[in-house]
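# Examining the three-dimensional arrangement
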Amino acid sequence: MIPNQWYAVLSSSEVRRGRPVGAVRFGRRLVFWRDEEDNVACLDGTCCHRGADLAAGRVEGGHVHCPFHGLRYAADGRVVAIPANGLEAEVPENFRVRPWLAVDAFGFIWVFYGKPADAPDDLPMFEEFRGDFPYAERYEVWDVHYSRAIENQLDVIHLPFVHPNTIGRGHKTLVNGPVTEWDDETLTFYVKNEPDCGQTPQTADEIENWWELNSLQYRVPNLWQNRIADDLRVMAAFAPVDDERTKIYLRLYQRMVKAPVLRGLVCAAGNVANGVILHQDRRVVLTQRPKKTELQMGENLLRGDKPVLEFRSRREELKKAAERR
Ligand code: FES
Ligand SMILES: [Fe+2]
């Protein structure tokens with residue numbers, strides 16, 4: 001995990017009012033619920049009394065109640081009442097679980113992985129998806145660490161091999177560049193793959209007008225998008241479940257079609273096609289070993305792996321910076 005980051009961890013629609021929701025994220029069992037103002041709360045989900053899952057409990061008065069002996073938890077992680085001791089009895093200090101900073105925005109539930117006092121106000125959502133940009137969403141769990149799942153989306157070499165009948169049509173096996181650039185915490189990379197006619201691949205420096213090429217972006221720590229056109233984007237959030245699992249939230253954003261019913265249909269149909277492409281990836285990515293990547297891990301990278309290397313390097317830098325604090 002890259003520390004001190006806001007992670008998109010759930011879709012907003014997964015946390016409804018009136019009942020708690022459990023999810024494993026960052027390798028921990030968490031519980032989420034909405035208070036009476038619809039604000040999202042998130043705690044470690046294991047009761048501090050005798051270990052029951054708070055997500056199996058209920059929500060009442062803005063608190064989550066443990067299903068076993070009814071301990072009531074506030075959003076700050078403290079137990080506010082122990083029914084067996086009498087609802088008016090004082091609650092000892094040690095009756096608490098770890099609270100997590102959580103907010104609901106742009107259709108995601110975001111959790112800050114780090115000390116709450118260090119959390120920036122701004123969330124790492126791509127600018128263009130902060131306003132009115134309709135989308136359809138689907139999600140699925142892959143049995144790999146989120147680093148493998150993200151790197152697959154940064155991989156420009158695999159296209160003709162994994163997607164020969166979809167986005168990798170045309171047998172463009174020769175990889176020029178790719179050109180990569182960082183802007184703050186966003187990595188943009190430009191794809192110029194070609195059929196191999198015996199030519200030598202161009203280095204990034206040799207590619208002219210690279211800014212006109214199709215570009216994709218990774219945003220630290222766990223977002224990615226393919227900028228197909230101004231009004232058509234594929235976007236994904238890679239929610240870290242644990243070292244061997246990632247929940248991928250895949251969205252198709254489009255605003256070419258404006259009529260509401262048609263717009264919904266276009267989003268939904270587009271996202272079904274995205275699902276087909278994602279499953280082409282899944283078939284191979286699930287076979288990669290180890291399931292988690294590091295900057296130094298004995299793999300033999302190619303020049304075309306530059307976006308993957310950029311991701312690994314940045315992740316390492318941010319981890320080191322967090323250790324120094
Ligand atoms: S285990 Fe939660 S109240 Fe007893
Ligand atoms: Fe792919």
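What you are looking at is a predicted structure, and each value in this text was computed from that prediction instead of being measured.

### Overview of the pattern of salt bridges
Two side chains bearing opposite charge may form a pair once their charged atoms approach each other closely. Applying the stated rule across the entire model yields 26 salt bridges. Between D44 and R28 there is a salt bridge whose closest N-O contact spans 2.6 Å. Placement of the pair is D44 in strand β4 (residues 40–44) and R28 in strand β3 (residues 28–34), with a sequence separation of 16 residues. Taking relative accessible area as the criterion, D44 reaches 13% and is therefore assigned buried. A residue is classified by how much of its surface remains accessible, and R28, at 30% relative accessible area, is partly exposed. When the shortest N-O distance is used, the salt bridge between R130 and E127 registers 3.5 Å. What makes R130 partly exposed here is its relative accessible area of 25%. Each of R148, E151, E299 and R312 takes part in salt bridges that share partners, so that together they form one network.

### A short note on the environment of I228
Looking at the secondary structure, you find I228 in strand β16 (residues 223–229). Residue classification places I228 among the partly exposed positions, given a relative accessible area of 43%. Ignoring anything within four residues of it in the chain, the contact list for I228 reads N214, R233 and V234.

### What to know about the coordination of the iron ion (ligand 2)
Each donor-metal-donor angle in an ideal tetrahedron of four donors is 109.5 degrees, and each such angle in an ideal octahedron of six donors is either 90 or 180 degrees. Ligation of the iron ion (ligand 2) by protein atoms is provided by H158 (NE2), H163 (NE2), D281 (OD) and D281 (OD), these donors lying 1.9 to 2.6 Å from the ion. For the iron ion (ligand 2), the four donor atoms in the first shell make angles of 55 to 150° at the metal, so the coordination geometry reads as irregular. Counting the intervening residues between successive donors of the iron ion (ligand 2) yields the motif H-x4-H-x117-D. Residue H158 is located in the loop between α1 (146–153) and α2 (159–162), and its partner D281 is located in helix α3 (residues 260–285); the two are separated by 123 residues in the primary sequence. Take H158 and D281: they sit in the same class, and that class is buried.

Criteria and cut-off values
Residues numbered from 1 in each chain as written. Chains lettered and ligands numbered in written order. Predicted model: local features only at pLDDT ≥ 70, side-chain atom pairs only at ≥ 80, totals over all residues. Heavy atoms only, no water. Salt bridge = Lys/Arg side-chain N within 4 Å of Asp/Glu carboxyl O. Helix = DSSP H or I, 4+ residues; strand = E, 2+ residues; numbered from the N terminus. Buried < 20%, exposed > 50% of the residue type's maximum accessible area, 1.4 Å probe, protein only. Contact = heavy atoms within 4.5 Å. Donors = N, O, S within 2.8 Å, 3.2 Å for Na, K, Ca; no water. Tetrahedral: all angles 85-135°; square planar, octahedral: opposite > 155°, others 65-115°.

Honestly, that's just the spatial picture; any functional story needs more than this.
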